[in-house]
Each structure stands twice: as structure tokens, then as C-alpha cells.
Amino acid sequence: MEGGGVKGIGLVGALSVLTEHGYTPRRVAGTSAGAIIGSLTAAGMPVDVMRREITRLDYRKFRDEDFIDRLGIVGKGASLLFEEGIYEGDYLRKLLQGYLGELGVKTFGDLRITEPWAQELPPEQRYKLVVLTADITRGRLVRLPWDYHLYGLDPDEQLVADAVRASMSLPFFYEPARLGKSLLVDGGVLSNFPIDLFDDISAWPTFGIKLSARPEGDTRTRPADGPVEFAQAILQTMLNAHDQMHLDDPCTLKRTMFVDAAAVKTTDFDITPAQQELLYQNGRKGAEKFLAGWDFADYKAQCKHPLKPFTRTPPTSN
């Protein structure tokens, strides 16, 4: 699941269609908003409950400020200078922790996979959820809980809500999360669409949900006149370059559903109920269009899996 701030409502719309067609995800990966919705999915929250809860949210509370932040431009400037971000991110973390707790999930140990098919995976990867964050101290992409061992931590003991909070730390907007001496920011800095993360088992496909319209055949250009637009163009290129390599692959396009979310900005926390409904319905439309043309046999015939085939007898349903 791709990240995209409040655009993540579109992910719920796509999930609703997948559920109606009988699909149940065995593992979920996501960045930022994709990590938020992904964690609820992995924890077993029904999609109808998920939709109900997201429509109740006051997204303005996501801009949670401390005392310094409330001192206007000067305060926000001080937050950027001393805390590397304006908003705290605590409201979302506590909200998610409450949702997960009601579903019986607190740590990644509660999301460990014990089914026989997972024995093919390395032990550190036997989890229903993976969230991506960027460690700017070490200069690398971090996959949690897979990479907790790099920090000397037991993944089973780490809070799921803390990992998701790290994944949604949009640079400069939210304060970075801390893991030991490392600073963690939004995983979208390095990978906003981790479509290839589960390409180790070929018995069933990985579906991707991307919060953008399907790419056109021609290359779109954006103006970069002046220093502000130039800086924005550089940042957008950094965010998109890694994942664009995936989308240049026809086999990635075959397994990706596209949700048109252009009408809403990532940080549009003043989103209206009408805009929320538009995102949700666009998510449904994207998934319906994708499933109408999806053929797993055709996919396997045209897209040879790069890794060894699955050696155990897989479950009969996807």
C-alpha cells in the first residue's frame, strides 16, 4: 500500500472491493498512510468498521502542536530548528494504538505468522505486517519488524503503533521518530510503494494499491521556475524515483490497482466529507477496474517469477 497522508482513505475503498471478491491478504506492506491502513488490515479490522472509523475522524487533530508550536511562525520555526519537525505525531500514534488494542494487537509478536507456508521465510520475516521507514542517521531504508535486529531489538517486543508512527513521519511536517540513536522519517523518502517486498513466494501474487492515476504513455512535465518550485521538484523526484523503476516494469503494472487521488493533497487535514467519499469511491473504482482484467494464469505465463517456486502446498484461497 502506497503512502499519501489523508489520501489513504482511497486504500480503504480498494480493500472493500477486494474483500467483496473473497481476497484476504496474508501479509501487508505499506508506507506512511499505507502503513496505517496496513496495520489495521493485518490486525483484522473489518473493512466496514475501518470505513466507519475514518469518516468519524477529525483530521485537523493530526496537526498536534506542543507549546512552542502554538507561538505562531516563530514557534514553528523553533520546532523545525530544534525538533526537526513542526507537529508531534502523538495523536495519531495513540489513536492507532487504541484501535490495535481493541483488536488484540500491541506488539509485532501479536502479528507473527505461524502457518506452515511461512516456514519457507526467514524467521525475522514471519510477520503479517511490514512498514517502511527511512533511517536518515544510517542512510538506509528500514523494514520493520524485519530490521529490528540491526538495532539489537527483539521484534516481538516492539510496539506496532511506534513503527507506524515512524513510517508516517513526513519530513519537516512531523518530528522524526527515534530508535536508539537513529532518526526515522517517512519511508516514502526511499520507497513509497514497496510492491516487490514479498516477491519470495510465487504461489499467489502480490497486489499493489497505488494512490495515483495509472501513468500515461507520455511523460508529464512540471514547471520548475524559481527556487521554491525547483526545490519542490527535487523533493518530488526523490520521492518518486525509486518506485518509478517498478512502474516502468509491465509486470508491476499488471498487479497494481491505481486510485485517482489527485483531488486531495497529502496534508489536506481540512478534508471535507465529500472529498473523503470521493477518495473512497475512487478506491473502489480502481480495484473494480483492476479485478475486471486480472488473470493470475496470464500473469504467471508472462511474468516469470525471479525466485524459486513455492515448495510447500499452499492454502487453497487467496
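Refer to the structure printed above.
Just so it is clear, the model here is predicted, and its values are computed rather than measured.

## Some thoughts on the overall build of the chain
- When you go through the chain residue by residue, the secondary structure sums to ten helices and nine strands.
- Among the 318 residues that make up the chain, the fraction classed as buried is 48%.
- Counting only contacts in the chain whose residues sit at least 6 apart along the sequence, the fraction spanning at least 24 positions is 74%.
- Approximately 15,900 Å² of the chain is accessible, and the part contributed by carbon and sulfur atoms is 55%.

## Points about the packing of aromatic side chains
- This model, assessed by the stated rule, comprises eleven aromatic pairs.
- With a centroid separation of 6.3 Å and an interplanar angle of 85°, the aromatic rings of Phe108 and Tyr127 are classed as edge-to-face. Of this pair, Phe108 sits in the loop between α5 (90-102) and β3 (129-135) while Tyr127 sits in the loop between α5 and β3, placing them 19 residues apart in sequence. Summarising the burial analysis for this pair, Phe108 and Tyr127 share the class buried.
- Three or more aromatic residues link up through ring pairs in this structure, and these residues are Tyr23, Phe207, Phe290, Trp294, Phe296 and Tyr299.

## A word on unusual backbone geometry
- Put simply, Leu144 and Pro145 share a cis peptide bond, and its omega is 15°.
- For Ser32, which is not glycine, the phi dihedral falls at a positive 55°.
- Tracing the backbone through its elements, the reader meets Ser32 in the loop between β1 (28-31) and α2 (33-43).

## Considering the state of the cysteines
- For the coordinates displayed, the defined rule picks out one disulfide.
- Between the sulfur atoms of Cys251 and its disulfide mate Cys303 the distance is 2.1 Å. Handedness of the Cys251-Cys303 disulfide follows from its S-S torsion of about -95°: it is left-handed. With Cys251 in helix α8 (residues 250-254) and Cys303 in the segment after α10 (296-302), this pair connects stretches of sequence that are 52 residues apart. For the pair Cys251 and Cys303, a shared accessibility class is recorded, and that class is buried.

## Let's talk about the layout of surface pockets
- Computed from the structure, the second largest pocket encloses a volume of approximately 920 Å³.
- Considering the residues around the second largest pocket, the lining is formed by 35 residues, among which Thr24, Pro25, Arg26, Arg27 and Val28 are closest to the centre.
- Put simply, the parts of the chain that give the lining of the second largest pocket at least two residues each are α1 (9-20), β1, α2, α3 (47-56) and β8 (208-210).
- The element best represented in the lining of the second largest pocket is α1, accounting for three residues.

## Let's talk about the environment of Ala262
- Following the sequence through the fold, Ala262 ends up in the loop between β9 (256-258) and α9 (273-293).
- The sequence separation of Ala262 and Ala213 amounts to 49 residues, and the corresponding C-alpha distance is 7.8 Å.

## Details of the pattern of salt bridges
- Scanning the model with the defined rule gives 13 salt bridges in all.
- With a closest N to O distance of 4.0 Å, Arg93 and Asp162 form a salt bridge. Of this pair, Arg93 sits in helix α5 while Asp162 sits in helix α6 (residues 160-167), and the two are 69 residues apart along the sequence.
- In this structure, the salt-bridge partner of Asp147 is Arg143, at a minimum N-O distance of 3.1 Å.
- Residue classification places Arg143 among the partly exposed positions, given a relative accessible area of 26%.

## Digging into α9
- The first and last C-alpha atoms of α9 sit 31 Å apart over 21 residues, in line with the 30 Å expected at 1.5 Å per residue.
- Buried within α9 are the following residues: Gln276, Leu279, Tyr280, Asn282, Gly283, Arg284, Gly286, Ala287, Phe290 and Leu291.
- Where the residues of α9 are buried, they touch α1, α3, α8 and β9.

## Some details on the nonpolar core
- Leu15, Val160 and Ile209 are the most contacted members of the largest nonpolar core, which totals 63 residues.
- Per element, the largest residue contribution to this core is seven residues, and it comes from α1.
- Excluding residues within four positions of it along the chain, Val160 makes contact with Ser39, Leu100, Val105, Lys106, Thr107, Phe108, Leu111 and Leu129.

## Some words on the environment of Thr266
- Here Thr266 is to be found in the loop between β9 and α9.
- Here Thr266 falls in the partly exposed class, since its relative accessible area comes to 30%.
- Between the C-alpha atoms of Thr266 and Gly5, which are 261 residues apart in sequence, the distance is 4.5 Å.
- When near neighbours in sequence (up to four residues on either side) are disregarded, Thr266 contacts Gly4, Gly5, Val6 and Lys7.

## What about α2?
- Most of α2 sits out of view: eleven of its eleven residues are buried.
- Within the span of α2, buried status applies to Ala33, Gly34, Ala35, Ile36, Ile37, Gly38, Ser39, Leu40, Thr41, Ala42 and Ala43.
- Elements in contact with the buried residues of α2: α1, β1, α3, α5, β3 and α6.

Procedures and definitions
Residues numbered from 1 in each chain as written. Predicted model: local features only at pLDDT ≥ 70, side-chain atom pairs only at ≥ 80, totals over all residues. Heavy atoms only, no water. Helix = DSSP H or I, 4+ residues; strand = E, 2+ residues; numbered from the N terminus. Buried < 20%, exposed > 50% of the residue type's maximum accessible area, 1.4 Å probe, protein only. Contact = heavy atoms within 4.5 Å. Areas by Shrake-Rupley, 256 points an atom, 1.4 Å probe, with all protein chains shown as cover. Phe/Tyr/Trp six-rings, centres within 6.5 Å; stacked < 30°, edge-to-face > 60°. Disulfide = S-S within 2.5 Å. 1 Å grid on protein atoms, 1.4 Å probe; cavity = no way out; pocket = protein on both sides within 12 Å on 5 of 7 lines; lining within 4 Å. Points joined across faces, edges and corners; volume = space filled by probe spheres on them. Salt bridge = Lys/Arg side-chain N within 4 Å of Asp/Glu carboxyl O. Expected span 1.5 Å × (residues − 1). Core = buried A, V, L, I, M, F, W, Y, C linked by side-chain atoms within 4.5 Å.

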